[in-house]
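Each chain, written out:
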Amino acid sequence: MNHLDSDVVSLQDIDLLPVPRLNAPAPSARLRGRVSLGAAVVRRLSAEEAAAGDEGWRDFLESESAHSDYLLLSLVCAFRPADNDDPFVDAGVGIRLEAPDEPSDRQPIAWSIAPKKRLAPAGRMGRITLTAKLAIVESSLDITPDQQREQLFLVGMGERDSDPEWRFRATSAVPLIGDETLSIVVKTPSGSPVRAHVSVAATVKQRRLGLLPYRADLPPALRTIDLR
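Per chain, residue numbering runs from 1 following the sequence as it is written. Local features are withheld for residues below a pLDDT of 70 in this predicted model, meaning they are given only at 70 or higher, and side-chain atom pairs are given and counted only at 80 or more; totals for whole chains, interfaces and linings count all residues. Calculated side-chain values reflect all of the structure's heavy atoms, with hydrogen atoms and water omitted.

**Looking at the overall build of the protein**
Part 1 of the reasoning: On a plain count of helices and strands, the protein comes out with 3 helices and 15 strands.
Part 2 of the reasoning: In the protein, buried positions account for 44% of the 228 residues.
Part 3 of the reasoning: Here, Shrake-Rupley sampling with a 1.4 Å probe gives the accessible areas, and only protein chains in the shown set may cover a residue. For the protein, the accessible surface area stands at approximately 11,700 Å², while carbon and sulfur atoms represent 49% of it. Each helix is a run of H or I in the DSSP string that is no shorter than four residues. Each strand is a run of E no shorter than two, and both are numbered from the N terminus. The cut-offs for exposure are 20% and 50% of the maximum accessible area for each residue type, with area from a 1.4 Å probe on protein chains only; residues under the lower value are buried, those over the upper are exposed, and the others partly exposed.

**Thoughts on unusual backbone geometry**
Part 1 of the reasoning: In this structure, proline 115 follows alanine 114 across a cis peptide bond, with omega equal to -5°.
Part 2 of the reasoning: Relative to the assigned elements, proline 115 resides in the loop between strand S6 (109-114) and strand S7 (117-118).
Part 3 of the reasoning: The backbone of arginine 160 sits at a positive phi, close to 70°, despite the residue not being glycine.
Part 4 of the reasoning: Structurally, arginine 160 is set in the loop between strand S10 (154-157) and strand S11 (165-169).

**What about the pairing of strand S1 (residues 11-18)?**
Part 1 of the reasoning: The pairing criterion is simple: DSSP has to find at least two bridges between the two strands. Where S1 meets strand S2 (residues 31-38), 5 bridges bridge the pair, whose relative direction is antiparallel. Bridge pairing in S2 places glutamine 12 opposite leucine 37.
Part 2 of the reasoning: When S1 meets strand S14 (residues 210-217), the two strands line up antiparallel, connected through 4 bridges. Residue pairing for S14: leucine 17 is matched across the bridge by arginine 215.

**Comments concerning the environment of serine 162**
Part 1 of the reasoning: Secondary-structure assignment places serine 162 in the loop between S10 and S11.
Part 2 of the reasoning: Spatially, the C-alpha atoms of serine 162 and isoleucine 95 are 8.0 Å apart, while their sequence positions differ by 67 residues.
Part 3 of the reasoning: Note on contacts: a residue pair qualifies if any of its non-hydrogen atoms lie within 4.5 Å across the two residues. Among all residues touching serine 162, those that are not within four sequence positions of it are Ile95, Arg96, Leu97, Gln107, Pro108 and Ile109.
Part 4 of the reasoning: Pairing of N or O atoms within 3.5 Å defines a polar contact, subject to two protein rules: one partner must be a possible hydrogen donor and the other a possible acceptor, and residues neighboring in sequence count only if both atoms are side-chain atoms. A polar side-chain atom of serine 162 sits 2.6 Å from the main-chain carbonyl oxygen of proline 108.

**Structural notes on the packing of aromatic side chains**
Part 1 of the reasoning: Note on aromatic contacts: the rings of Phe and Tyr and the six-membered ring of Trp form a pair at centre separations within 6.5 Å, being stacked when their planes are under 30 degrees apart, edge-to-face when over 60 apart, and tilted otherwise. By the definition in use, this model includes 4 aromatic pairs.
Part 2 of the reasoning: Arranged with centres 5.9 Å apart and planes meeting at 80°, the rings of tyrosine 70 and tryptophan 111 form a pair that is edge-to-face. A residue pair is termed long-range when its members are at least 10 positions apart, and tyrosine 70 in strand S4 (residues 68-79) and tryptophan 111 in strand S6 qualify at 41 residues. Note on accessibility: tyrosine 70 and tryptophan 111 belong to one class, buried.
Part 3 of the reasoning: For the pair phenylalanine 153 and phenylalanine 168, a centre-to-centre distance of 6.4 Å together with 80° between the ring planes defines the contact as edge-to-face. Taken together, the residues span a long stretch of sequence, with phenylalanine 153 in the loop between strand S9 (136-137) and S10 and phenylalanine 168 in strand S11 at a distance of 15 residues.
Part 4 of the reasoning: Three or more aromatic residues joined by ring pairs form one cluster here, namely Phe79, Phe88, Phe153 and Phe168.

**Digging into the nonpolar core**
Part 1 of the reasoning: Ile95 and Phe168 are the most contacted members of the largest nonpolar core, which totals 40 residues.
Part 2 of the reasoning: Filtering out sequence-adjacent residues up to four positions away, isoleucine 95 remains in contact with Leu73, Leu75, Ser162, Asp163, Pro164, Trp166, Ile184, Ala196, His197 and Val198.
Part 3 of the reasoning: One finds Tyr70, Leu72, Leu130 and Ile136 within the second-largest nonpolar core, a separate group that totals 8 residues. Put simply, buried Ala, Val, Leu, Ile, Met, Phe, Trp, Tyr and Cys residues joined by side-chain atoms within 4.5 Å make one nonpolar core.

**Topic: the pattern of salt bridges**
Part 1 of the reasoning: We count a salt bridge whenever a side-chain nitrogen from Lys or Arg sits within 4 Å of a carboxyl oxygen from Asp or Glu. Per the counting criterion, the structure on display carries 11 salt bridges.
Part 2 of the reasoning: Among the salt bridges present, the one from aspartate 90 reaches arginine 169, with a minimum N-O distance of 3.9 Å. One end of the pair, aspartate 90, is in strand S5 (residues 88-98); the other, arginine 169, is in strand S11, and 79 residues separate them in sequence.
Part 3 of the reasoning: Aspartate 90 sits in the buried class, given a relative accessible area of 18%.
Part 4 of the reasoning: Linking lysine 116 and glutamate 159 is a salt bridge whose minimum nitrogen-to-oxygen distance equals 3.2 Å. With lysine 116 in the loop between S6 and S7 and glutamate 159 in the loop between S10 and S11, this pair connects stretches of sequence that are 43 residues apart.
Part 5 of the reasoning: The exposure class of lysine 116 is partly exposed, given its relative accessible area of 35%.
Part 6 of the reasoning: Overall, the relative accessible area of 29% leaves glutamate 159 in the partly exposed class.

Geometric descriptors of this kind do not, in isolation, establish any biological role.
Structure below.
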């Protein structure tokens, strides 16, 4: 998988709690050391920076500055192999954006997200760049040579919504192991407090019990991010 080389982010291990299921075997104990999450990196985008030399787009952003702010939010999620060979089958990372002081029609949205799709893990990503429309662009993306037979490994969704998410699925050729940087350009009402609530879930395949769903037990510092 990939991550930003422009920021050094320390990862914190998080526990995975079994999700109870009806008419299913008793869940096993919590999993430790299988998933890590990095502290979020948040940066405000100025009109000049966001416009990237496009004078017409900069004029639009400057006219919007009285109403909206644009913030770049990035975090790293890492999946680790298990000593007992119980692999991850799939996983999901969700972010719910919230401006507590704003009405429902003025809540923050994910203006752009990255990555949007992955057929195979990419090489290390360079600096994030933005197009004139504030779409996030990855500087490198390594795709397997035979794309016809490759399954979808990662998909991001939720642009223009307040609850973007990324879904991972292991394939026969690519296990769900490694680091991934997840990035959002957040459009939010100017000057308003804004928060991002993070959730992580995963499914593990155990030889004795089959597919078992888990959810992350996130500490407050990782669960809720103050973007201001």
